[in-house]
Amino acid sequence: MASYNQGAFIKEALDRLLGQNYPNLELIIVDGCSNDNTFNVLDGYKEYIDILIHEPDRGMYHARNKGLVRATGEVICFLNTDDFHQAGTLNFVGSYFRDNLNVDVLYGICLGVDESGNKLNGYCFGDFELNRKTFFRQLPTFPDQATFIRRECLSVVGLYDLRLKYGADANLWRRCVLFNLEIHRVNRHFANWRIYDRTLTYNPKFKWERFFEAVGLYFRYSKDPFSRYLWNLLFNYFVVQNLKFIKSMFSR
């Protein structure tokens, strides 16, 4: 778990994670020197945390890389400290990987929730089959919270690219596709993504930074300026996001 000033949410994330009673959980928390009440909360979970790193970092992906190089578990998931897993997820995932030794990556459904944890209509992620066609021609949002990858695969696809501030996770999953990893999807609710306007993904202040990084990342893999993917990207930033913002303003 990458952590920075999420004291308002981290307790729920930990309670729901530990409440699943998964017997082989390795919990790694990498905190970038939070200055809110995060460490007061974490103090009550010391016996459950295998590794706790508290030092400055260069953002979420840098924090995740620190955790990855220390992880010893067979399967890894990246859970943000303001998100949370659905009950029964870890036992299901553990059994799935145990019964399907050929599977490298497993993902399921992730639902968007507001700051209070209430479901948001229209925010469902992971409801698509991940392959070259969907990833490079369409515009799927791949949910880290609901995705599990064998640790050994990281020796093939590598760590997060720290040149990217917003899309290093999308780039990691792209590499999983390019390296032909065995990726499975199940139609099961795995996780919940807390959506509010102070996150990197949804903060309107970073909208155009995210857009230009996404375009640059696209051209890293493709030279086609007329692809469906690129047009979907443009439509998403110029139309869809604006409509969702307007809708959220009226619903408040």
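Here is what the cut-offs are and how they apply
Residues numbered from 1 in each chain as written. Predicted model: local features only at pLDDT ≥ 70, side-chain atom pairs only at ≥ 80, totals over all residues. Heavy atoms only, no water. Helix = DSSP H or I, 4+ residues; strand = E, 2+ residues; numbered from the N terminus. Pairing = 2+ DSSP bridges. Contact = heavy atoms within 4.5 Å. Axes fitted to C-alpha atoms, helices over the stretch in contact; angles between N-to-C directions. Salt bridge = Lys/Arg side-chain N within 4 Å of Asp/Glu carboxyl O. Buried < 20%, exposed > 50% of the residue type's maximum accessible area, 1.4 Å probe, protein only. Phe/Tyr/Trp six-rings, centres within 6.5 Å; stacked < 30°, edge-to-face > 60°. Polar contact = N/O pair within 3.5 Å; in protein donor to acceptor, adjacent residues only side chain to side chain.

Asks: Explain unusual backbone geometry to me, using residue names and the numbers behind them.
Replies: If you check the backbone angles, Asn21 has positive phi at about 55° while not being a glycine. Relative to the helices and strands, Asn21 is located in the loop between helix 1 (10–18) and strand 2 (28–31). Even without a glycine there, the phi angle at Cys33 is positive, about 65°. With respect to the element layout, Cys33 can be found in the loop between strand 2 and helix 2 (38–42).

Asks: Got a sec to walk through the sheet that holds strand 2? Specific residues and values, please.
Replies: Strand order in the open sheet made by the 3 strands is 1-2-3, with parallel pairing throughout. The outermost strands of the open sheet, each flanked by one partner alone, are strand 1 (2–3) and strand 3 (51–54). Bridge analysis of strand 1 against strand 2 gives 2 bridges, and the strand direction is parallel. From the neighbouring strand, Ser3 faces strand 2, where its bridge partner is Asp31. Most of the contacts of helix 3 (residues 60–68) go to strand 2, to which it runs at about 140°, and overall it touches strand 1, strand 2 and strand 3.

Asks: Describe the pattern of salt bridges, and please don't skip the residues or the numbers.
Replies: One pass over the full model with this rule turns up 11 salt bridges. One salt bridge connects Asp161 with Arg220, and the closest N-O pair in it is separated by 2.8 Å. Separated by 59 residues along the polypeptide, Asp161 in the loop between helix 6 (154–157) and helix 7 (168–178) and Arg220 in helix 8 (residues 207–221) bring together distant segments of the chain. The buried category is assigned to Asp161, whose relative accessible area is 13%. Among the salt bridges present, the one from Lys165 reaches Glu209, with a minimum N-O distance of 3.9 Å. You can see Lys165 sitting in the loop between helix 6 and helix 7 and its partner Glu209 sitting in helix 8, a full 44 residues away along the chain. Taking the relative accessible area as the measure of exposure, Lys165 reaches 42% and is therefore partly exposed. Salt bridges sharing common partners tie together Glu12, Arg16 and Arg194.

Asks: Break down the packing of aromatic side chains for me, with residues and values.
Replies: By the definition in use, this model includes 15 aromatic pairs. Seen in terms of ring centroids, Phe148 and Phe190 are 5.8 Å apart; in terms of plane orientation they differ by 90°. Their pairing is edge-to-face. Of this pair, Phe148 sits in strand 8 (residues 147–150) while Phe190 sits in strand 9 (residues 183–194), and the two are 42 residues apart along the sequence. In terms of burial, Phe148 and Phe190 fall into one category: buried. Among the aromatic residues, those joined into a cluster by ring pairs are Trp208, Phe211, Phe212, Tyr237 and Phe238.

Asks: Run through the environment of Glu213, naming residues and quoting values.
Replies: Considering the arrangement of structural elements, one finds Glu213 in helix 8. As for Glu213 and Ser155, which are separated by 58 residues in sequence, their C-alpha atoms are 25 Å apart. Each residue touching Glu213, except ones within four places of it in the same chain, is listed here: Arg163, Leu164, Lys165, Tyr166 and Gly167. Within the local environment of Glu213, its side chain forms a polar contact with the backbone nitrogen of Tyr166, the two atoms lying 2.8 Å apart.

Asks: Describe helix 3, with residues and values.
Replies: Among the 9 residues that make up helix 3, 8 are buried, leaving the element largely enclosed by the rest of the structure. For helix 3, the full list of buried residues reads Tyr61, His62, Ala63, Arg64, Asn65, Lys66, Gly67 and Leu68. Where helix 3 is buried, its residues meet strand 1, strand 2, strand 3, strand 4 (75–76), helix 6 and helix 7.

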